[in-house]
Amino acid sequence: MGIQNDVEIRILCRKLLILKKEAGLQWLIASPFLPSLSIVSTLRCLHTTSDDPLSPHLPKESAVRNLRKILYGNGNGDQVLVGAVLGLTDGSGERDLQFFISRTGKSRNLEKASAVVYETQPEKQVWEKGCIVRCELPLNLPLYYASNNPKDVEDAYTRAIEGVEHKLRDPQVAYVIEAQSKPSPGGPEPVIIHGTELEPPAELPRNVIVLETAEESLAKSITCSYFFVETKNISSFTSVEEDADKILVSVMFNRSRSNLKPAAPTAEFYPGFVHPVTVLYELSYGETEMKQVEVRRSLHLRLGLPFDRPLLRIANAINLSSVKGNTRDKSNRRGSSLLKDVHQGIPSSGVSGGSISLIQGSYEYYHYLHDGFDDSGWGCAYRSLQTIISWFREQHYTSIDVPSHREIQQALVEIGDKDPSFIGSREWIGAIELSFVLDKLLGVSCKVINVRSGAELPEKCRELALHFETQGTPIMIGGGVLAYTLLGVDYNETSGDCAFLILDPHYTGNDDIKKIVNGGWCGWKKAVDSTGKHFFLHDKFYNLLLPQRPNMV
């Protein structure tokens, strides 16, 4: 580093005055991130030679020498060496503190510093140029040694430290490193480091660990600044404790796996056992605020949850005041009762050797005459849309109410698809109109499958099975003047035999589950049954609306 002729030492640590009060030798600590000849702290020399208490025992002071290597590299012999010495006391009892430097890093050819500046706000220098790291790791460190040989305590301590070090580098350990400040859109994502990625350099003491992360099998150092805010107001700096960026490191021990392959912590679920997760949100954000998206995304990452469905929203909270009942229990919407998941427990499809793919999650059954509204003969597609929207509500993708027929019509008018006279009418709607409404009200995109005849629907079973396995949303089938809701398929790839799980919105009776199932209003339908009857019409084209699961948390 370049040195001017006038040598100026800058003191960035008020507690450096300890030099004047403590006897013995101390090391002066600088930093490569700060201006040259800046002293930030001191370390007491613990080991001196037996014949001279002011001469350091360098072999035993290896930690300090290694620290110098880390900061300045192996070629640190060419770095400037700074030293200080206390003079004799003056008349007031104070001892003069003088600083010397060696430009070549050797102990000879010393020259006295021309000026020593004690910074009044040393924190500003650190704040602008460096970062403050404080590590807290509470742990138990048991020591066992023979009471008749107290000298063994040093060896016992060394073994205990090595045991902790080994445990922290265990393959079953993962470290989640994240900013402790409030998350913001576009902020730093948490970083996960596994125990096997913690390898100390050879020149460090055995109990010092350097954290590194691996990406595509290549070690890559993560600097502290990755987690810092982009800007800082230096002029309003008050205190390090209040204004400093904080990095939170959580140590997690994976108990759910026994192999040695590094893995993030996982949760293991057993049949019949459900464990609640408690999450605290700031109520000022509000449930739908985008500020909570990154918070939830971080929690999904830490808990190993999927990123394509909301599981930790406020709407997901367990209502402990309600009594758990049958999944077919009625729930209230707009003051009326609704049946849920009416397909559960229905008879088999009759497909031999088939593979069943079903809707994922719960829904509510909407059908003709529900809510006392007479839509017989024209409202089946509206009812199918209401059932689909109820699915998005039940899976907590939205908190809007299931729209009425009039509100559905209003949405189509607002986007310009229909004239204002459409509101309040009894006009039919089809798969395309349903896709418009889902996009406007929920922001949900849809895929549409067209078939020229009902006879071609069995050819789409493989594609429909893939939809239920990947998306899991209910499907609307529209053909001719009829609309149905499809909840699943049973398909035998070898024989081509298949059946469709149909929820029929044309039902006009009361919400009696036995009557609905026994009457075939919810059940498996084959394109051609055993009597030769065709469920799907051969002379009508069909549109299938496949809502896509939103990729959101």
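Residues numbered from 1 in each chain as written. Predicted model: local features only at pLDDT ≥ 70, side-chain atom pairs only at ≥ 80, totals over all residues. Heavy atoms only, no water.

An unreviewed UniProt entry lists the protein chain under the name Probable Ufm1-specific protease, from Sesamum calycinum.

### Here we look at the overall build of the protein chain
As a reminder, the rule being used: Secondary structure elements are taken from DSSP: a helix is a run of H or I of four residues or more, a strand is a run of E of two residues or more, and numbering for both begins at the N terminus. Exposed residues in this analysis have more than 50% of their type's maximum accessible area, buried residues have under 20%, and partly exposed residues fall in between, with area computed by a 1.4 Å probe over protein chains only. Contact definition: two residues touch when any of their heavy atoms are within 4.5 Å. The method behind every accessible area is Shrake-Rupley, applied with a 1.4 Å probe, and residues are considered shielded solely by the protein chains displayed.
Regarding its fold elements, the protein chain presents 11 helices and 22 strands. Put simply, the protein chain has 553 residues, and 35% of those count as buried. Once local pairs closer than 6 in sequence are excluded, the contacts in the protein chain between residues at least 24 apart make up 60%. On the protein chain, roughly 32,500 Å² of surface is accessible, and the fraction owed to carbon and sulfur atoms is 52%.

### Quick notes on the pattern of salt bridges
Think of it this way: side chains of opposite charge can pair up when their charged atoms draw near. The criterion, for reference: Any carboxyl oxygen of Asp or Glu within 4 Å of a side-chain nitrogen of Lys or Arg constitutes a salt bridge here.
Counting across every chain of the model gives 11 salt bridges. One salt bridge in this structure joins Asp401 and Arg393, with 3.7 Å as the shortest N-O distance. Judged by relative accessible area, which is 17%, Arg393 ranks as buried. Across the pair Glu414 and Lys440 runs a salt bridge whose closest N-O atoms are separated by 3.1 Å. Here Glu414, found in helix H8 (residues 405-414), pairs with Lys440, found in helix H9 (residues 431-442); they are 26 residues apart in sequence, far enough to count as distant. Residue classification places Glu414 among the partly exposed positions, given a relative accessible area of 49%. Three or more residues are tied together by salt bridges with common partners; here these are Asp417, Lys418 and Glu433.

### Comments concerning the packing of helix H7 (residues 380-394) against H9
Just so we agree on the cut-off: Lines fitted to C-alpha atoms define the axes here, with helix axes fitted over just the stretch in contact, and angles between the N-to-C directions of these axes take values from 0 to 180 degrees. It is the rotation of the near helix from the far one that decides the hand of a crossing: anticlockwise by less than a right angle makes it left-handed, clockwise makes it right-handed. Each residue is assigned to one of three groups, with Ala, Val, Leu, Ile, Met, Phe, Trp, Tyr, Cys and Pro labelled nonpolar, Asp, Glu, Lys and Arg labelled charged, and all others, Gly among them, labelled polar.
Contact geometry for H7 and H9: axes closest at 11 Å, N-to-C directions at 35°. Viewed along their axes, H7 and H9 form a crossing whose handedness is right-handed. Here Ala381, Leu385, Ile388, Ile389 and Phe392 of H7 come into contact with H9, specifically with Leu434, Val437, Leu438 and Leu442. Looking at side-chain class alone, the contact of H7 with H9 contains 9 nonpolar, no polar and no charged residues.

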